[in-house]
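Here is what each chain is made of, one letter per residue.
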Amino acid sequence: MPESGVKKNPYSVFKIPEFTHFIIGRCLYIMGIRMTGTVIGWWIYLLTNSKLALGFVGLSEVIPALSLALYAGHHIDVNEKRKLLLRCILAYTVCIFLLIILSTNYSHNTLNQWTIAALICTVIGLTGAIRAFSGPTFSALISQIVPKEDLPSAASISSATWLIASIFGHASAGFLIAFIGINNSFFVVLFLVAGGYFFLSKLSVKPVFVTVKSKTWQSVKEGLSYVFKTKEILGALSLDLFAVLFGGAVALVPVFAKDILNIGPIGFGWLNAATDIGSIMTVTFLTIRPLRSNQGRIFFYAVAGFGICIILFAISKVFWLSFAALLISGCMDGVSVIVRSTILQLKTPDELRGRVMSVNSMFINSSNELGQFESGVAAKLMGTVTSVVFGGCMTLAVVVFTWFKAPSLRKMEY
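Just so we're clear, the structure is a prediction, and the values are computed from it rather than from any experiment. (Residues numbered from 1 in each chain as written. Predicted model: local features only at pLDDT ≥ 70, side-chain atom pairs only at ≥ 80, totals over all residues. Heavy atoms only, no water.)

Okay, the overall build of the protein next. When helices and strands are tallied, the protein shows 15 helices and zero strands. The long-range fraction of contacts in the protein, counting pairs at least 24 apart against all pairs at least 6 apart in sequence, stands at 88%. Of the accessible surface of the protein, which amounts to about 17000 Å², a share of 67% is contributed by carbon and sulfur atoms. (Helix = DSSP H or I, 4+ residues; strand = E, 2+ residues; numbered from the N terminus. Contact = heavy atoms within 4.5 Å. Areas by Shrake-Rupley, 256 points an atom, 1.4 Å probe, with all protein chains shown as cover.)

Okay, here's the thing in structure tokens:
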């Protein structure tokens, strides 16, 4: 994309009050749900001491998320997005109340650890269903808040917001577990989610662009068809999907923290946050100094670098080296986030945003949970370190395969 004569301030989009409310609300909400994921990972491993149980946490979320994703996209496009998002947040609040009850001393004294673990997975399944609607709705709302010329900046800032929230959610969860316990940590989550609801409720009612309601399946096919015929979108989503599926080591961080590095809950929180810290560093830099050319080629290099970092993390026995490996992997992932989110915002028509963002959710967001399940099963079969090394190697193999099979993505510029 050629540069104009005058460089626009990438943060001028904050002059739009609704965008400011959107960003603050999203930050608080995402911080809460990412904190929940971190607390549950530590909680489940304490309850069961099972790597496979960590994998089933991811599977319990991804099944409803994937099952509902395509319908969710149709539902988002034919309904008012602000109201839908607020309903999702209220439903998530109910799930937090259930986790508060399960984490009480009464529940732990009344139920055995595997029953509690099964109930936790049930609640996580409910949050997966909620996420099928809330995630794409957040993405689809951006274009209805800012003008099209501000979309690249808004997309980068929104991605940075997600990563900032994820960092604080991950890192603070470790401290909260250590100092106030699991049950009280969920009360902090409840406060954050309520704050997110407050700011997002300040958004105005948004127009619905799909005025003629086609049949649900026909509507779903329109979204899928658009993704599969738009090669830049399909290529970016596919590469990210397999990289995260095979290369994600997040599910096993509790195992590395507790059994290999022996760093306790505080170190666990920082190790969990390392990837996101690296991502926000990159996203912040690229928001100020955007990529001007060769975005596709840089995208490939970044995913390959991510795979190498995952291998290094697997073989490390020293906390600072493990932290550095995950930090750099986050830097590589930040490039991927910027390129992919910008393509999606620029190339998706308004009337298809809900459906396309839902397909994006299926490819990208659900790959985290599928990767979590894959990591848990692989660790059970191959051992913790070997399974993560294998995942990093598979990521590199996917990059090489896609490099030759998707030349249009490699040559892509915007």
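This paragraph deals with the packing of aromatic side chains. Any two aromatic rings considered together are summarised by their centre-to-centre distance and by the angle between their planes. Taken as a whole and judged by the stated rule, the model has 14 aromatic pairs. On the basis of an interplanar angle of 25 degrees and a centroid distance of 6.5 Å, the ring pair of phenylalanine 19 and phenylalanine 22 is categorised as stacked. You can see phenylalanine 19 and its partner phenylalanine 22 sitting in helix H1 (residues 17–48), three residues apart, about one turn around the helix. Look at phenylalanine 19 and you get buried, because its relative accessible area is 0%. Judged by its relative accessible area of 0%, phenylalanine 22 is buried. Centroid distance phenylalanine 256 to phenylalanine 313: 4.6 Å. Interplanar angle 45 degrees. Geometry classified as tilted. Remark: phenylalanine 313 occurs in helix H11 (residues 295–315) and phenylalanine 256 occurs in helix H9 (residues 253–260); sequence separation between them is 57 residues. The burial state of phenylalanine 256 is the same as that of phenylalanine 313; both residues are buried. Through a chain of ring-to-ring contacts, three or more aromatic side chains come together here, namely Phe14, Phe19, Phe22, Tyr29, Tyr92 and Phe138. When the ring centre of tryptophan 403 is taken as origin, the NZ or CZ atom of arginine 410, which lies over that ring, is 5.0 Å away. (Phe/Tyr/Trp six-rings, centres within 6.5 Å; stacked < 30°, edge-to-face > 60°. Buried < 20%, exposed > 50% of the residue type's maximum accessible area, 1.4 Å probe, protein only. Lys NZ or Arg CZ within 6 Å of the ring centre and 35° of its normal.)

Among the nonpolar cores identified, the biggest contains 79 residues, and Phe22, Ile40, Trp43 and Ile120 are the most heavily contacted of them. Here this core gets 15 residues from one element, more than from any other, and that element is H1. Within the second largest apolar cluster, 38 residues are counted, among which are Leu245, Ala273, Leu286 and Leu409. (Core = buried A, V, L, I, M, F, W, Y, C linked by side-chain atoms within 4.5 Å.)

Here the focus is a nonpolar patch on the surface. Taken together, the side chains of Phe179, Ile180, Ile266, Trp270, Val318, Phe319 and Trp320 define a hydrophobic patch exposed on the protein surface, amounting to about 690 Å² of accessible area. Here tryptophan 320 lies in helix H12 (residues 319–347). (Patch = residues over 30% accessible without salt bridge, like charges linked within 9 Å, V, L, I, M, F, W, Y side chains within 5 Å. Salt bridge = Lys/Arg side-chain N within 4 Å of Asp/Glu carboxyl O.)

Okay, H1 next. Residues spaced three or four apart along an α-helix face the same direction, because each turn holds 3.6 residues. Here H1 is 32 residues long and its end C-alpha atoms lie 47 Å apart, about the 46 Å a rise of 1.5 Å per residue gives. For H1, the buried fraction is high: 23 of the 32 residues fall into the buried class. (Expected span 1.5 Å × (residues − 1).)

This next bit is on the side chain of serine 336. In this structure, serine 336 sits in helix H12. For serine 336, a relative accessible area of 1% gives the class buried. In this view, serine 336 contacts Asp240 and Phe299; residues no more than four positions away in its chain are not counted.

Attention shifts here to unusual backbone geometry. A positive phi angle, near 50 degrees, is found at asparagine 49, a position not held by glycine. The residue asparagine 294 is not glycine, and still its phi comes out positive at about 55 degrees. Residue placement: asparagine 294 occurs in the loop between helix H10 (264–288) and H11. Look at asparagine 294 and you get partly exposed, because its relative accessible area is 41%.

Attention now moves to the environment of isoleucine 298. The topology assignment puts isoleucine 298 in helix H11. Given a relative accessible area of 28%, isoleucine 298 falls into the partly exposed group. Linking isoleucine 298 and methionine 332, residues 34 residues apart in sequence, is a C-alpha distance of 9.7 Å. The residues contacting isoleucine 298, other than those within four sequence positions of it, are Leu291, Ser293 and Val335.

The tally for this structure, following the rule as stated, stands at two salt bridges. A salt bridge links lysine 206 to glutamate 18; the nearest nitrogen and oxygen atoms lie 2.4 Å apart. A residue pair is termed long-range when its members are at least 10 positions apart, and lysine 206 in the loop between helix H6 (151–200) and helix H7 (216–229) and glutamate 18 in helix H1 qualify at 188 residues. For the pair lysine 206 and glutamate 18, one class covers both residues: buried. The salt bridge partner of arginine 131 is glutamate 61, with a shortest N-O separation of 3.5 Å. You can see arginine 131 sitting in helix H5 (residues 113–142) and its partner glutamate 61 sitting in helix H2 (residues 51–77), a full 70 residues away along the chain. The pair formed by arginine 131 and glutamate 61 is uniform in burial state, with each residue classed as buried.

It is worth spelling out the environment of arginine 292 at this point. Within the secondary structure layout, arginine 292 lies in the loop between H10 and H11. Remark: the alpha-carbon pair of arginine 292 and glutamate 413, spanning 121 residues in sequence, is separated by 8.1 Å.

Here we take up H5. Taking 1.5 Å as the rise per residue, H5 with 30 residues should run 44 Å; its terminal C-alpha atoms sit 42 Å apart, in good agreement. Residue arginine 131 marks the point of greatest curvature in H5, where the axis turns by about 35 degrees. Counting buried positions over the 30 residues of H5 gives 22, a clear majority of the element. (Bend = angle between axes of the 7 residues up to and from the residue.)

Take the confidence of the model for the protein next. Overall, the prediction assigns the protein a mean pLDDT of 82, with 89% of residues at 70 or greater. Here helix H13 (residues 353–382) stands out as the least confident element of the protein, with mean pLDDT 69; helix H3 (residues 81–102) is the most confident, with 94. (pLDDT = per-residue confidence, 0-100.)

At their nearest, the axes of H6 and H12 sit 9 Å apart, and the two run at 135 degrees to each other. Classified by the interaxial angle, the pair formed by H6 and H12 is oblique. Judged by the twist between their axes, the crossing of H6 over H12 is right-handed. Residue-level contacts link Leu151, Pro152, Ala155, Ser156 and Ser159 of H6 to Val337, Ile338, Ser341, Gln345 and Leu346 of H12. Class assignment of the residues belonging to the contact of H6 with H12 gives a composition of six nonpolar, four polar and no charged. (Axes fitted to C-alpha atoms, helices over the stretch in contact; angles between N-to-C directions. Parallel < 35°, antiparallel > 145°, perpendicular 65-115°, else oblique. Left-handed = near helix turned anticlockwise from the far one by under 90°. Nonpolar A, V, L, I, M, F, W, Y, C, P; charged D, E, K, R; others polar.)

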